[in-house]
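Letter by letter, the chains look like this.
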Amino acid sequence: MNTSHSIGIFHYQLGLTDGVSLEVEKWKTVLERIGHQVQLFAGRFGADQGILVPELYHHTAIIEEINHNVLGLSHSLTSKALGIRISEQKDKAKAALKKAIVDNGLDLLIVDNIWSVAMNIPAAIALREIQSELDLHAIAHHHDFYWEKRVKPDLGDPLVKEILDNDLPPNSADIKHVVINSLAQASLAGYKGLESTIIPNVFDFQAPDWVIDSYNQDFRQAIGLKEGDICVLQATRIIPRKGIELAIDLVAALNAPHRRALIQERCLANGGRFTPESKIVLVLAGYNREDLSGTYLQRLKEKADSLGVDLRHIDTMVGPERSRASGKKIYSFWDTYTIADLVTYPSLWEGWGNQLLEAFRAKLPVVLFEYPVYLEDIKEKGFEVISLGSVINSRDRLDLAEISTKILQGVADKCVDYLTDRQMREQLVDKNYRLAKQHYSYKNLENDLLPLL
């Protein structure tokens with residue numbers, strides 16, 4: 001057993017339903033199971049309890065202006081003004097963070113994405129300086145990188161070059177780098193010359209199954225679903241790289257008269273009856289984090305309307321945990337899987353894919369666009385998914401992705417089978433559950449973490 005550490009995990013915001021929040025909670029659980037003390041530090045908290053450091057939060061006007069100027073998304077500040085602004089904000093962040101680190105007796109820092117995605121550059125610099133000054137060991141946990149976005153930093157500006165070279169991410173013998181896939185490992189080596197360890201996303205397969213119980217038994221009714229309606233769940237955040245438009249195309253294809261007639265002829269796999277009045281509903285459970293244009297959700301709704309797809313965005317009814325707000329029941333994110341008949345995961349790009357594991361854990365069929373990391377790292381494990389392929393053929397008038405019509409129609413036919421054939425469905429989901437448990441359990445995470453501590 002390694003010596004027990006007092007560990008701080010740092011991120012912009014925690015306790016939400018985004019991938020980083022979910023993985024941080026898993027790391028915390030596993031680290032505490034093997035004897036370490038773990039505290040969370042963030043600029044904003046949802047359900048998790050932790051130490052609030054407002055200077056870590058990234059969605060403030062001044063922090064976003066700094067980030068955009070460094071990354072070439074904006075040129076509102078001169079180089080001199082940018083330097084002054086960064087220095088001021090870095091000093092504030094450093095004072096708050098250093099006090100929090102010292103007061104809590106931390107001897108190991110785990111920094112999630114702050115040193116890699118450049119969404120709070122002053123905080124990134126502050127944490128690097130503190131780590132060096134206090135001679136602390138650190139694990140830099142990278143889920144994404146700023147250079148994977150559409151950014152063009154002005155590397156001719158000495159200040160920008162210095163920041164990106166020294167702090168995003170930092171290069172120190174006391175900092176071990178962790179990435180979540182092999183593509184990121186190659187990217188970090190290529191862009192920064194840094195070696196890293198791959199630790200993929202995991203899930204707790206020992207926890208109780210998500211089932212219908214006394215709390216969530218009214219969930220379907222609460223979102224307007226009736227007995228016999230089919231719930232197609234899109235559990236991700238609503239951002240363009242999630243490819244949600246492909247889920248809309250799928251539901252439109254499922255609503256074709258001949259497929260509806262076929263579903264009506266058969267009994268649903270859950271024993272229900274699909275009638276001429278029954279609906280196939282696409283449920284968006286994740287929160288809306290808009291793209292720079294601020295129009296993605298609007299464009300999805302326009303596409304759904306044009307295709308006659310029943311699209312329901314229920315994020316105001318869903319939270320990280322069950323609770324009540326203004327007298328209304330809030331269902332947990334995990335409750336969304338108990339009402340689903342099918343999960344869509346049409347992401348064009350993922351760092352790994354939390355919701356994919358969640359669907360396997362929930363024993364639900366998954367309709368998947370085979371994004372690069374899935375093809376490179378995950379597919380080889382032998383999972384069976386309903387594949388949308390791996391090629392985007394074109395973009396429509398709303399700048400939404402489109403795939404081959406032939407592939408889409410084939411996918412819709414397979415979905416009908418998995419919605420109505422109980423034996424076929426059970427064989428699929430049981431196989432995926434078994435493989436996911438074998439390769440991506442908490443025990444796997446423990447084995448990966450031990451050499452780093």
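For the structure, see preceding data.
Note that the structure is a prediction, hence the values are computed from the model and not measured.

Visitor: How should the overall build of the chain be read in this particular structure?
Guide: A count of helical and extended segments in the chain gives 16 helices and 18 strands. Computed over its C-alpha atoms, the radius of gyration of the chain comes to 23 Å, within 12% of the 22 Å expected for a compact globule of 453 residues. For the chain, the C-alpha atoms occupy an extent of roughly 70 × 50 × 45 Å along the three principal directions. Buried residues in the chain amount to 55% of all 453 residues. The long-range share in the chain, meaning contacts at least 24 apart out of those at least 6 apart in sequence, stands at 71%. Looking at the chain as shown, the accessible area adds up to about 19000 Å², and 49% of this sits on carbon and sulfur atoms.

Visitor: What is the right way to read the sheet that holds strand β6 (residues 175-179) from this model?
Guide: Either a parallel or an antiparallel arrangement is found when strands of a sheet pair, and the pairing is made through backbone hydrogen bonds. The strand order across the open sheet built from seven strands is β3-β2-β1-β4-β5-β6-β7, with neighbouring strands paired in parallel fashion. One side of each edge strand has no neighbouring strand; the edge strands of this open sheet are β3 (51-52) and β7 (197-198). Pairing between strand β2 (residues 37-42) and β3: two bridges, direction parallel. Within β3, the position partnered with Phe 41 by the bridge is Ile 51. Helix α1 (residues 19-33) contacts β1 (6-11), β2, β4 (108-112), β5 (137-142) and β6 of the sheet and is inclined by roughly 160° relative to β2.

Visitor: I keep staring at the side chain of Glu 245 and nothing clicks. Help me out?
Guide: For Glu 245, the position within the fold is in helix α8 (residues 244-254). Buried charged residue Glu 245 carries no salt bridge. Nearest counter-charge: Arg 395, at 4.1 Å. Engagement of the side chain of Glu 245 in a polar contact is seen with the side chain of Tyr 296, the distance being 2.5 Å. A polar contact of 2.8 Å, which involves the side chain of Glu 245, links it to the backbone nitrogen of Ala 401. Ignoring any residue separated from it by four or fewer positions in sequence, one finds Glu 245 in contact with Tyr 296, Leu 300, Lys 303, Arg 395, Leu 400 and Ala 401.

Visitor: How do you make sense of the sheet that holds strand β15 (residues 366-368) when you look at a structure like this?
Guide: One open sheet holds the six strands; their spatial order is β10-β9-β8-β14-β15-β16, and the pairing between them is parallel. Edge positions in the sheet fall to β10 (310-313) and β16 (386-387), since each has one partner strand and no second. Sheet analysis places strand β9 (residues 280-284) next to β10, joined by four bridges and oriented parallel. By the bridge assignment, Val 283 is partnered in β10 with Arg 312.

Visitor: Whenever I open this one, the pairing of β4 confuses me. Can you help?
Guide: Taken residue by residue, a regular strand's side chains alternate between the two faces of the sheet. Of all five residues that make up β4, five are buried, and the element is covered over most of its length. Judged by which residues are buried, β4 turns out to be covered on both faces: Leu 108, Ile 110 and Asp 112 on one side and Leu 109 and Val 111 on the other are all buried. Alignment of β1 against β4, held across four bridges, turns out to be parallel. Each residue of the ladder has a partner; that of Phe 10, found in β4, is Val 111. Where β4 lies against β5, five bridges are found, and the strand directions are parallel.

Visitor: Whenever I open this one, the packing of aromatic side chains confuses me. Can you help?
Guide: Where two aromatic rings form a pair, the distance of their centres and the angle of their planes describe that pair. Scanning the model with the defined rule gives 19 aromatic pairs in all. Taken together, a centroid distance of 5.0 Å and an interplanar angle of 85° make the contact between Tyr 146 and Trp 147 edge-to-face. Trp 147 matches Tyr 146 in its accessibility class, with the two residues each being buried. Ring geometry for Trp 210 against Trp 334: centres 5.0 Å apart, planes inclined by 15°, an arrangement best described as stacked. Of this pair, Trp 210 sits in the loop between β7 and α7 (219-222) while Trp 334 sits in the loop between β13 (328-332) and α11 (335-338), and the two are 124 residues apart along the sequence. Judged by its relative accessible area of 23%, Trp 210 is partly exposed. Between the NZ or CZ atom of Lys 329 and the centre of the ring of Tyr 215, over which it lies, the distance is 4.6 Å. Over the aromatic face of Tyr 433 sits the side chain of Lys 363, whose NZ or CZ is 4.6 Å from the ring centroid.

Visitor: Sorry if this is basic, but what is going on with the environment of Tyr 12 here?
Guide: If you trace the backbone, Tyr 12 turns up in the loop between β1 and α1. Along the backbone, Tyr 12 and Ile 114 are 102 residues apart, and their C-alpha atoms lie at a distance of 7.2 Å. Beyond its immediate stretch of four places on either side in the chain, Tyr 12 contacts Ala 42, Gly 43, Arg 44, Leu 56, Tyr 57, His 58, Asn 113, Ile 114, Val 117, Ala 118, Met 119 and Asn 120.

Visitor: I tried to follow helix α12 (residues 354-361) on my own but got confused; where do I start?
Guide: Given 3.6 residues per helical turn, the α-helix brings residues three or four places apart onto the same face. Judged by how many residues are buried, α12 sits mostly within the fold: eight of eight residues are covered. Buried within α12 are the following residues: Asn 354, Gln 355, Leu 356, Leu 357, Glu 358, Ala 359, Phe 360 and Arg 361. Here the buried face of α12 lies against α1, α11, β14 (342-345), β15, α13 (372-378) and α15 (422-439). Where α12 ends, the next residue or the one after it, Lys 363, has phi of about 55°, a positive value.

Visitor: Mind showing me how you'd approach the nonpolar core here?
Guide: Where a protein is soluble and globular, its nonpolar side chains tend to be buried together. Ranked by size, the top nonpolar core spans 45 residues in total, and within it Phe 10, Val 70, Leu 97 and Ile 114 carry the most contacts. A total of seven residues in this core trace back to one element, the largest contributor, which is helix α4 (residues 121-133). Ile 114 has contacts with Phe 10, His 11, Tyr 12, Leu 56, Asn 120, Ala 123, Ala 124, Leu 127 and Leu 168, leaving out every residue within four places of it along the chain.

Thresholds, definitions, all that
- Every chain begins its residue count from 1, and numbering advances along the sequence as written.
- Confidence filtering applies because this is a predicted model: local features only for residues at pLDDT of at least 70, side-chain atom pairs given and counted only at 80 or more, and all residues used for totals across whole chains, interfaces and linings.
- Processing note: side-chain calculations cover all non-hydrogen atoms of the structure and skip hydrogens and water entirely.
- Here a strand is any run of E in DSSP of at least two residues, a helix any run of H or I of at least four, and the numbering for each starts at the N terminus.
- Throughout, the radius of gyration refers to the C-alpha atoms, and the reference size of a globule is 2.2 Å times the residue count to the power 0.38.
- Classification of residues uses two cut-offs on accessible area relative to the type maximum, computed with a 1.4 Å probe and protein chains only: under 20% is buried, over 50% is exposed, and between them is partly exposed.
- Here a residue-residue contact requires only that any non-hydrogen atoms of the pair lie within 4.5 Å.
- Areas reported here follow the Shrake-Rupley algorithm with a probe of radius 1.4 Å; residue values treat only the protein chains shown as occluding.
- Two strands pair if DSSP finds at least two bridges between them.
- Only C-alpha atoms enter the line fits that serve as axes; for helices the fit covers just the stretch in contact. Angles between N-to-C directions range over 0 to 180 degrees.
- When charges are counted, Lys and Arg are positive and Asp and Glu negative, with His and the chain ends excluded.
- What counts as a salt bridge is simple: a side-chain nitrogen of Lys or Arg found within 4 Å of a carboxyl oxygen of Asp or Glu.
- Within 3.5 Å is the distance limit for a polar contact, defined as a pair of N or O atoms, with the added protein rule that one can donate a hydrogen and the other accept it, and that residues adjacent in sequence qualify only through two side-chain atoms.
- Aromatic pairing here means that ring centres of Phe, Tyr or Trp (its six-membered ring) are within 6.5 Å. Orientation follows from the plane angle: under 30 degrees is stacked, over 60 is edge-to-face, and everything else is tilted.
- Working rule: Lys NZ or Arg CZ, within 6 Å of ring centre, within 35 degrees of ring normal, means a charge sits over the ring.
- Residues belong to one nonpolar core when they are buried, are Ala, Val, Leu, Ile, Met, Phe, Trp, Tyr or Cys, and are joined through side-chain atoms within 4.5 Å.

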